[in-house]
Amino acid sequence: MNHAFEEVFDIPKLTELCERYTKTNGVVTALLDLEGNVHVKTGWQDICTRFHRVNEVSAKRCTESDTCLAGQLAAGSNYNVYHCKNGLVDIAVPIHVDGEHVANFFTGQFFFEAPNEDYFRKQGEELGFELIPYMDALSRVPVFKEEDIRKIVEFLSGLAQVFGEMAKAKLDLMELREAEQKQFEELREAKEQMERLAIEDPLTGLKNRREFSARLESEFHRAGRYQHPMSLVIIDVDNFKEINDTHGHAAGDEVLKAVSRLLLGSVRQSDLVARIGGDEFCILCPESSADDVEGLMERVCREISELEFCVHGNAFRVTCSFGLAGYVGLCRNPDELLVCADKSLYEAKQRGRNCVVKYLCKESENLELKVLMGQGRG
Ligand SMILES: Nc1nc2c(ncn2[C@@H]2O[C@H](COP(=O)(O)OP(=O)(O)OP(=O)(O)O)[C@@H](O)[C@H]2O)c(=O)[nH]1
């Protein structure tokens with residue numbers, strides 16, 4: 001069994017059932033797993049609980065008897081009648097769950113005929129028991145006729161079968177629930193992945209163009225409504241085609257991931273970094289004017305140029321061009337702001353790449369471009 005014994009067997013319910021059985025005929029019961037742990041125990045005789053199972057020597061014999069009794073069941077017997085090493089009779093029947101022998105159901109602690117008192121007196125002396133209470137406990141041990149025991153065994157075998165079937169039903173239910181839970185988890189994970197894929201770029205883990213457009217739209221309107229500043233940066237890897245062609249597509253991917261990490265690690269949590277095209281990224285900075293972010297972008301531009309890549313022993317570096325546009329309320333819609341940032345980016349490329357160009361939307365007709373970091377050739 002792959003489950004804990006108590007999970008599969010309803011111990012409180014079985015105990016209640018066995019207690020009722022013991023009350024009707026005085027027959028004791030015990031349910032033991034194959035490691036010898038007692039899970040149900042009803043009506044046990046004092047001679048066992050107060051004497052034999054307490055004294056070290058006789059307790060050892062009890063364990064040996066339990067093991068021997070169980071051992072024969074493990075070998076395939078339907079039941080086993082055993083004269084225990086402390087002089088009483090025990091009976092055990094196996095419990096199978098789905099064909100697997102998992103436990104034993106015991107009764108016993110009785111005699112088939114009146115006990116030999118001299119034998120028990122001598123045993124009591126040897127073990128150091130107080131003789132009067134020991135012999136008194138012996139006198140309470142029931143004596144059953146073999147014919148009665150046969151009926152008891154039949155009943156117990158039936159009961160053991162019912163226990164096994166109950167456990168199997170519980171096991172099936174648990175397995176069904178586990179399968180359901182697993183399916184539920186898989187569905188939840190698939191749904192989360194779908195939701196992630198809908199808004200994330202799978203290569204870099206950055207937000208994708210769709211998510212970026214939605215956020216730009218809402219931030220644009222918020223900035224307009226409250227007259228707050230907002231900036232947009234478009235970043236494009238310089239000569240990326242050449243990187244792919246020279247070092248391979250996988251190396252190109254590594255460049256994109258490294259640039260993504262650097263961008264993400266450089267901005268505020270409230271900013272949005274997205275991959276909006278093959279080698280094109282966007283950063284949306286709410287509550288920040290272009291003046292606020294230009295210094296940061298210059299630093300990022302430099303840090304990207306300082307990254308070192310190595311493919312098959314060939315080291316190389318990359319640079320990016322940055323087009324920055326600050327929204328001060330003159331753009332009429334998010335697309336106009338994007339166009340402004342794009343124009344800055346174009347200018348950055350024109351000026352030889354690896355630089356940041358800021359676009360100021362002073363008047364929509366009166367454009368002002370400022371080259372912030374001109375390492376380029378233009
Ligand atoms: N490795 C890799 N390459 C990509 C991916 N998506 C697009 N590309 C490549 O990115 C390259 C982009 O190159 P271009 O748009 O021509 O521009 P560029 O070479 O960067 O030149 P400039 O922008 O002018 O500096 C193309 O060769 C695309 O095939 C991707 O996910 N992984």
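Residues numbered from 1 in each chain as written. Predicted model: local features only at pLDDT ≥ 70, side-chain atom pairs only at ≥ 80, totals over all residues. Heavy atoms only, no water.

## Regarding the site of the ligand
Line of reasoning, step 1. Taken together, 16 residues form the shell around the ligand, and within it Asn239, Phe240, Asp253, Arg275 and Asp279 come nearest.
Line of reasoning, step 2. Within the side chain of Asp279, a nitrogen or oxygen atom sits 2.8 Å from an oxygen atom of the ligand.
Line of reasoning, step 3. At 2.9 Å, a side-chain N or O of Arg353 approaches an oxygen atom of the ligand.
Line of reasoning, step 4. Isolated, the ligand exposes 660 Å² of accessible area, and the fraction of that covered by the protein chains is 65%.
Line of reasoning, step 5. Those elements giving two or more residues to the shell around the ligand turn out to be strand S6 (230–237), helix H9 (240–247) and helix H10 (249–266).
Line of reasoning, step 6. Element by element, the count of residues in the shell around the ligand is highest for H10, at four residues. (Near = heavy atom within 4 Å. Polar contact = N/O pair within 3.5 Å; in protein donor to acceptor, adjacent residues only side chain to side chain. Areas by Shrake-Rupley, 256 points an atom, 1.4 Å probe, with all protein chains shown as cover. Helix = DSSP H or I, 4+ residues; strand = E, 2+ residues; numbered from the N terminus.)

## Considerations on unusual backbone geometry
Line of reasoning, step 1. The phi angle at Gln109 is positive, at roughly 60°, despite the residue not being glycine.
Line of reasoning, step 2. Position of Gln109 among the secondary structure elements: in strand S5 (residues 100–110).
Line of reasoning, step 3. Taking relative accessible area as the criterion, Gln109 reaches 6% and is therefore assigned buried. (Buried < 20%, exposed > 50% of the residue type's maximum accessible area, 1.4 Å probe, protein only.)

## Thoughts on the UniProt feature "coiled-coil region" (unreviewed entry) in the chain
Line of reasoning, step 1. Listed under "coiled-coil region" (unreviewed entry) in the UniProt record, and renumbered for this structure, are residues 170–200.
Line of reasoning, step 2. When the span residues 170–200 is considered, its composition is 97% helix and 0% strand, and the gap between its end C-alpha atoms is 43 Å. (UniProt positions renumbered as here; feature names shortened; annotations may be inferred.)

## Examining the pairing of strand S2 (residues 38–42)
Line of reasoning, step 1. Alignment of strand S1 (residues 29–33) against S2, held across four bridges, turns out to be antiparallel. Across the sheet, residue Ala30 finds its bridge partner in S2, namely Lys41.
Line of reasoning, step 2. Hairpin connection, S1 to S2: the antiparallel pair is bridged by four residues, and Gly36 has positive phi, about 90°. (Pairing = 2+ DSSP bridges.)

## Looking at the packing of aromatic side chains
Aromatic ring pairs: the centre-centre distance and the angle between the two ring planes describe each pair.
Line of reasoning, step 1. Within this structure, the stated rule accounts for eleven aromatic pairs.
Line of reasoning, step 2. Ring centres of Tyr21 and Phe155 lie 4.8 Å apart, and the angle between their planes is 15°; on these two criteria the pair is classed as stacked. With Tyr21 in helix H2 (residues 11–25) and Phe155 in helix H7 (residues 146–199), this pair connects stretches of sequence that are 134 residues apart.
Line of reasoning, step 3. Accessibility expressed as a relative area gives 11% for Tyr21, which makes it buried.
Line of reasoning, step 4. Classification of Phe155 by relative accessible area gives partly exposed; the value is 40%.
Line of reasoning, step 5. The interplanar angle of 70° and the centroid separation of 5.1 Å between the aromatic rings of Phe105 and Phe163 together place this pair among those described as edge-to-face. Note that Phe105 is positioned in strand S5 and Phe163 in helix H7, a separation of 58 residues in sequence.
Line of reasoning, step 6. We classify Phe105 as buried; its relative accessible area is 0%.
Line of reasoning, step 7. The buried category is assigned to Phe163, whose relative accessible area is 1%.
Line of reasoning, step 8. Linked through ring pairs, Phe51, Phe129 and Tyr134 together constitute an aromatic cluster.
Line of reasoning, step 9. The ring of Trp44 is capped by Lys41, whose NZ or CZ atom sits 4.7 Å from the centre of that ring. (Phe/Tyr/Trp six-rings, centres within 6.5 Å; stacked < 30°, edge-to-face > 60°. Lys NZ or Arg CZ within 6 Å of the ring centre and 35° of its normal.)

## What about a negative patch on the surface?
Line of reasoning, step 1. The grouping of Glu6, Glu7, Asp98, Glu100, Glu175 and Glu178 at the surface amounts to a negative patch.
Line of reasoning, step 2. Elements supplying a minimum of two residues to the negative patch: helix H1 (5–8) and H7.
Line of reasoning, step 3. Using a relative accessible area of 42% as the deciding quantity, one classes Glu178 as partly exposed. (Patch = residues over 30% accessible without salt bridge, like charges linked within 9 Å, V, L, I, M, F, W, Y side chains within 5 Å. Salt bridge = Lys/Arg side-chain N within 4 Å of Asp/Glu carboxyl O. Lys, Arg positive; Asp, Glu negative; His and termini not counted. Charge placed at Lys NZ, Arg CZ, Asp CG, Glu CD.)

## With respect to the confidence of the model for the chain
Line of reasoning, step 1. Confidence in the prediction of the chain, expressed as mean pLDDT, is 90, and 94% of residues score 70 or more.
Line of reasoning, step 2. The least confident element of the chain is strand S13 (residues 368–371), whose mean pLDDT is 46; the most confident is strand S7 (residues 272–275), at 98.
Line of reasoning, step 3. Segment residues 363–378: pLDDT under 50, and 45 contacts once partners within four positions in sequence are set aside and those in other chains are kept.
Line of reasoning, step 4. Of the two predicted TM-score estimates for the complex, the pTM is 0.62 and the ipTM is 0.95. (pLDDT = per-residue confidence, 0-100. Contact = heavy atoms within 4.5 Å.)

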